[in-house]
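Fold and contact review
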Amino acid sequence: MNWFKTQISKEIWSPYAAGILLGVLGLLAVLLSNSLLGASGAFESLAGLIGKKIAPSLFSNVYWGVEGGRGLPIMRPEITWPVILLVGIFFGGMLGALTSKSFKIRFNDDAQWKKIFGPQPWKRWVIAFLGAIILEYAAGIAGGCTSGLAISGGMLLVPAAFLFIAGMFASGIVTALIVYRRRY
Amino acid sequence: MTNYVIALILGVGFGFSLNKAGLTKYSKIVNVFRFTDLAVLKFMMTALVVAMIGLYVFRGLGWITFPSVPATYIVGNLIGGLIFGVGMALTGY
């Protein structure tokens with residue numbers, strides 16, 4: 001019991017241990033709900049849900065479905081399974097931080113970030129906002145993100161997952177090279 | 001409804017594992033692209049292997065059928081991945 005408590009209150013686990021936990025969860029998702037652990041799709045479903053409320057004609061397309069149209073939309077504009085999963089992820093992350101007592105409201109807290117981009121929080125927010133647009137747009141093109149395509153697709157041995165991982169690392173390394181330059 | 005409860009519980013576990021692996025930090029994500037901290041790769045690949053073994057054993061036993069898998073369209077997956085990497089290295093998400 002004491003051993004269990006020490007492990008839970010650790011801030012960082014071995015990535016292998018955390019990876020085993022995620023692997024078991026990915027397996028359970030298929031076993032219990034016949035679903036995959038995707039995160040990015042939830043944002044698209046929510047965007048569609050909100051968009052259809054405020055500008056129905058603009059959001060009436062192949063992606064979110066046409067009212068009375070034939071065929072299923074690519075992203076259902078509803079509270080889908082991934083949306084609930086996303087809510088869980090938020091609280092799970094919070095739980096992880098609370099158990100290790102590292103929970104804190106942060107605006108720009110990463111020492112490495114500050115060294116590269118400077119200490120101003122607005123920079124972090126602007127780059128995070130623009131970067132997140134890039135991430136979500138790319139996930140829309142590829143058909144998933146790191147969790148929904150790379151991990152969930154990879155565990156089913158889908159070729160798409162490995163193409164995506166290859167692309168992700170190729171451009172990630174180049175981007176890091178450009179951002180860090182001599183400090184790489 | 002049960003399905004939603006399962007989603008919520010799995011989500012909590014997912015977020016918890018990400019937090020404990022340290023992947024909620026900018027430096028952890030970006031350092032995998034600098035080859036100074038390979039936690040992201042270790043985490044991803046361990047999850048992949050564990051789930052993969054389980055899935056194929058369970059399918060062999062006839063307990064599960066695979067859900068509809070993410071579609072493969074080479075150009076889309078590759079270009080999506082290439083753009084995704086830029087966002088990932090910039091934001092650390």
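This write-up is about the structure you can find in this document.

For the rest of this paragraph, the subject is the overall build of chain B. Broken down by element type, chain B carries four helices and zero strands. Taking 2.2 N^0.38 as the reference for a compact globule, 93 residues should give roughly 12 Å; the C-alpha atoms of chain B span a radius of gyration of 16 Å, well beyond that estimate. Projected onto its principal axes, the C-alpha coordinates of chain B cover approximately 45 × 35 × 25 Å. Each of the 93 residues in chain B was classed as buried or not, and the buried ones make up 52%. Residue pairs in contact within chain B that sit at least 24 positions apart in sequence constitute 38% of those at least 6 positions apart. Here chain B displays about 4100 Å² of accessible surface, and carbon together with sulfur accounts for 74% of that area.

Attention now moves to the packing of aromatic side chains. Aromatic ring pairs are described here by two measures, namely the spacing of the ring centres and the angle between the planes. Per the counting criterion, the structure on display carries 11 aromatic pairs over all chains. With 5.2 Å between their ring centres and 85 degrees between their planes, B:Tyr56 and B:Phe66 make a pair best called edge-to-face. Taken together, the residues B:Tyr56 in helix α3 (residues 39–61) and B:Phe66 in the loop between α3 and α4 (74–91) connect sequence positions 10 residues apart. These aromatic residues form a ring-pair network of at least three members: A:Phe59, A:Tyr63 and A:Trp64.

We now examine the pattern of salt bridges. Overall, the coordinates contain five salt bridges over all chains when judged by the stated rule. Between B:Lys25 and A:Glu11 there is a salt bridge whose closest N-O contact spans 3.3 Å. With one member in each of two chains, B:Lys25 in the loop between α1 (2–21) and α2 (26–33) and A:Glu11 in the loop between α1 (2–8) and α2 (15–33) form a pair that bridges those chains. Within the structure, one salt-bridge network assembled from shared partners comprises A:Lys104, A:Arg106 and A:Asp109.

Rules behind the numbers
Residues numbered from 1 in each chain as written. Chains lettered and ligands numbered in written order. Predicted model: local features only at pLDDT ≥ 70, side-chain atom pairs only at ≥ 80, totals over all residues. Heavy atoms only, no water. Helix = DSSP H or I, 4+ residues; strand = E, 2+ residues; numbered from the N terminus. Rg over C-alpha atoms; globule rule 2.2 N^0.38 Å. Buried < 20%, exposed > 50% of the residue type's maximum accessible area, 1.4 Å probe, protein only. Contact = heavy atoms within 4.5 Å. Areas by Shrake-Rupley, 256 points an atom, 1.4 Å probe, with all protein chains shown as cover. Phe/Tyr/Trp six-rings, centres within 6.5 Å; stacked < 30°, edge-to-face > 60°. Salt bridge = Lys/Arg side-chain N within 4 Å of Asp/Glu carboxyl O.

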